[in-house]
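These are the residues of each chain, in order.
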Amino acid sequence: MTAALSLHDATVRRGETPVLRGASLTVQPGQVVGVVGPNGAGKTTLLRAALGLAKLDSGRAELGGRDVAGLDEATRAALAGYLPQERRVGWNLPAWRIASLGAALKSPALAQAVAMDALGRVGLAGLAERGVLDLSGGERARVLLARLLATAAPLLVADEPAAGLDPDAQLLSLELFGEEAARGAAVVLTLHDLGLAARACDRLVVVGSGRVVSEGAPRDALTPTVLREVFGLEGALEETSAGLTLAARRYRP
Ligand SMILES: Nc1ncnc2c1ncn2[C@@H]1O[C@H](COP(=O)(O)OP(=O)(O)OP(=O)(O)O)[C@@H](O)[C@H]1O
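Every value quoted in this text rests on a predicted model; they were computed, and no experiment measured them.

Scoring rules and cut-offs
- Here the residue index of a chain counts from 1 through its sequence in written order.
- Given that this is a predicted model, residues contribute local features only at a pLDDT of at least 70 and side-chain atom pairs are listed and counted only at 80 or more, while totals for whole chains, interfaces and linings are drawn from all residues.
- Side-chain numbers come from the whole structure's heavy atoms, not from hydrogens or water.
- Numbered from the N terminus, helices here are DSSP runs of H or I no shorter than four residues, and strands are runs of E no shorter than two.
- Each radius of gyration reported is based on C-alpha atoms, and the globular scaling rule is 2.2 Å times the count of residues to the power 0.38.
- Categorising residues by exposure relies on relative accessible area from a 1.4 Å probe, with only protein chains included: less than 20% of the type maximum marks a residue as buried, more than 50% marks it as exposed, and the intermediate range marks it as partly exposed.
- If a single non-hydrogen atom of a residue is within 4 Å of a molecule or strand, that residue counts as near it.
- Under this definition, polar contacts are N or O atom pairs within 3.5 Å; protein pairs additionally need one hydrogen-donor-capable and one acceptor-capable atom, and for neighbouring residues in sequence, both atoms have to be side-chain atoms.
- Three classes are used, and their members are as follows: Ala, Val, Leu, Ile, Met, Phe, Trp, Tyr, Cys and Pro are nonpolar, Asp, Glu, Lys and Arg are charged, and the others, Gly among them, are polar.
- UniProt positions are given in the numbering used here, feature names are shortened, and annotations may be inferred rather than shown by experiment.
- Being paired, for any two strands, means DSSP has found at least two bridges between them.
- Salt bridges, as used here, are contacts in which a Lys or Arg side-chain nitrogen is within 4 Å of a carboxyl oxygen on Asp or Glu.
- Nonpolar cores were defined as sets of buried Ala, Val, Leu, Ile, Met, Phe, Trp, Tyr and Cys residues, with membership established by side-chain atoms within 4.5 Å.
- Residue contacts are counted whenever heavy atoms from the two residues lie within 4.5 Å of one another.

Enquirer: Tell me about the overall build of the protein, and name the residues and values.
Expert: Of the regular secondary structure elements, the protein holds nine helices and 12 strands. The C-alpha atoms of the protein give 18 Å as radius of gyration, which agrees with the globular expectation for 253 residues (18 Å, within 12%). Summarising its shape, the C-alpha atoms of the protein cover approximately 55 × 45 × 35 Å along the three principal directions. Across the 253 residues of the protein, 47% fall into the buried class.

Right, here's the structure in full:
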């Protein structure tokens, strides 16, 4: 099977400083992969490198088996939907219009129908006509999530999709990514809630100081040692009636 995303031994520098150091990541269709790590670890840089949005100093990035360096923007957009970390929207357009931008290559009528469906999935059908700048922060985040869903791209990449969402909406958003994976999409998410990440992702990739330091099924990737050494936490993932949950406190040697 051709990987939806693959990054091979990628290094990215900011000035002289490498902020991504020899990172590799492969994501297959149907998988939900969580990228986790402390602030400044390099998660966003890794996603942007994989999408061809951050220049590689060395290594290679492929989308759908094709080197991103040789792809134009329209082809990259067809291969991957991207929800950036910044929830910036310039114009106070109705929510449905912003969501329909995800389906901009479709006819206007179809794009509107796709947008309305996506807004319904994120629980915002009732606010479809409201200007996005007149929504709460969490509501606006849902609109942008709807825009991502509207792409129906073979790869969905979301940088902190749960940020600013209430607990129910956080769980809903992860359920929706599960549905997207079930239709065959490859999904890559960054998440700071490690319990949520462990519950919602098939695989976790732990990034620390620009390197992939561990990778695998949630319990294999987030061991007590990784929690301590990468996140400065003392504790473990524990199985509960709600699924895996993080029981941890700050580590003080
Ligand atoms: N434009 C920039 N110029 C210089 N350094 C940058 C720039 N953008 C990011 N960095 C640095 O690159 C490193 C990785 O940043 P990145 O945004 O990838 O981290 P992250 O893991 O996504 O963090 P967070 O969880 O805080 O969003 C950080 O040390 C950051 O300060």
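Enquirer: Describe in detail the site of the ligand, supporting the description with residues and values.
Expert: Neighbouring residues of the ligand: 13 residues in total, closest Gly40, Gly42, Lys43, Thr44 and Thr45. One of the side-chain nitrogen or oxygen atoms of Asn39 is found 3.0 Å away from an oxygen atom of the ligand. Contact distances for the ligand include 2.8 Å between an oxygen atom and a backbone N or O atom of Gly40. No other element matches helix α1 (residues 43-50), which puts three residues into the shell around the ligand. Per-class residue counts for the shell around the ligand are three nonpolar, seven polar and three charged.

Enquirer: Give a description of the UniProt feature "domain: ABC transporter" (unreviewed entry) in the protein that names residues and reports values.
Expert: Under the UniProt annotation, the feature "domain: ABC transporter" (unreviewed entry) is placed at residues 5-234. Span residues 5-234 is 37% helix and 27% strand, its end C-alpha atoms 33 Å apart.

Enquirer: Please set out unusual backbone geometry residue by residue, giving values where relevant.
Expert: Although it is not a glycine, Ala152 sits at a positive phi angle of roughly 45°. Here Ser209, not a glycine, exhibits a phi torsion of approximately 50°, which is positive. With respect to the secondary-structure elements, Ser209 resides in the loop between β9 (203-208) and β10 (211-216).

Enquirer: Run through the environment of Ala80, naming residues and quoting values.
Expert: Within the secondary structure, Ala80 is located in strand β6 (residues 80-83). Overall, Ala80 belongs to the buried group, its relative accessible area being 10%. Counting along the chain gives 30 residues from Ala80 to Leu110, while the straight-line C-alpha distance between them is 20 Å.

Enquirer: Help me get a handle on the sheet that holds strand β1 (residues 5-14), residues and values and all.
Expert: With antiparallel pairing, the four strands of this open sheet are ordered in space as β2-β1-β4-β5. In this open sheet, the two edge strands, each paired with only one partner strand, are β2 (17-27) and β5 (66-67). Both β1 and strand β4 (residues 58-63) contribute to a ladder of five bridges, which runs antiparallel. Bridging across to β4, Thr11 finds its partner in Ser58.

Enquirer: Could you give me a rundown of the pattern of salt bridges, with the residues and numbers involved?
Expert: Considering all chains together, one arrives at nine salt bridges under this definition. A salt bridge links Glu62 to Arg60, with the shortest nitrogen-to-oxygen separation between them at 3.0 Å. Of the residues examined, Glu62 reaches a relative accessible area of 17% and is grouped as buried. Using a relative accessible area of 38% as the deciding quantity, one classes Arg60 as partly exposed. Of the charged contacts, one joins Glu180 and Arg183 as a salt bridge, the two residues approaching to 2.6 Å between their closest N and O atoms. Residue Arg183 is classed as partly exposed on the basis of its relative accessible area, which comes to 40%.

Enquirer: Any chance you could break down the nonpolar core for me, citing the residues and the numbers?
Expert: Residues Leu119, Val122, Val143, Phe177, Leu189, Leu222 and Phe231 are the most contacted members of the largest nonpolar core, which totals 50 residues. When residues no more than four places from it in sequence are discounted, the contact partners of Phe231 are Val36, Gly37, Pro38, Leu194, Val206, Leu222 and Val226. If you look at the next biggest cluster of nonpolar residues, it comprises 30 residues, including Ala4, Leu47, Ala50 and Val205.

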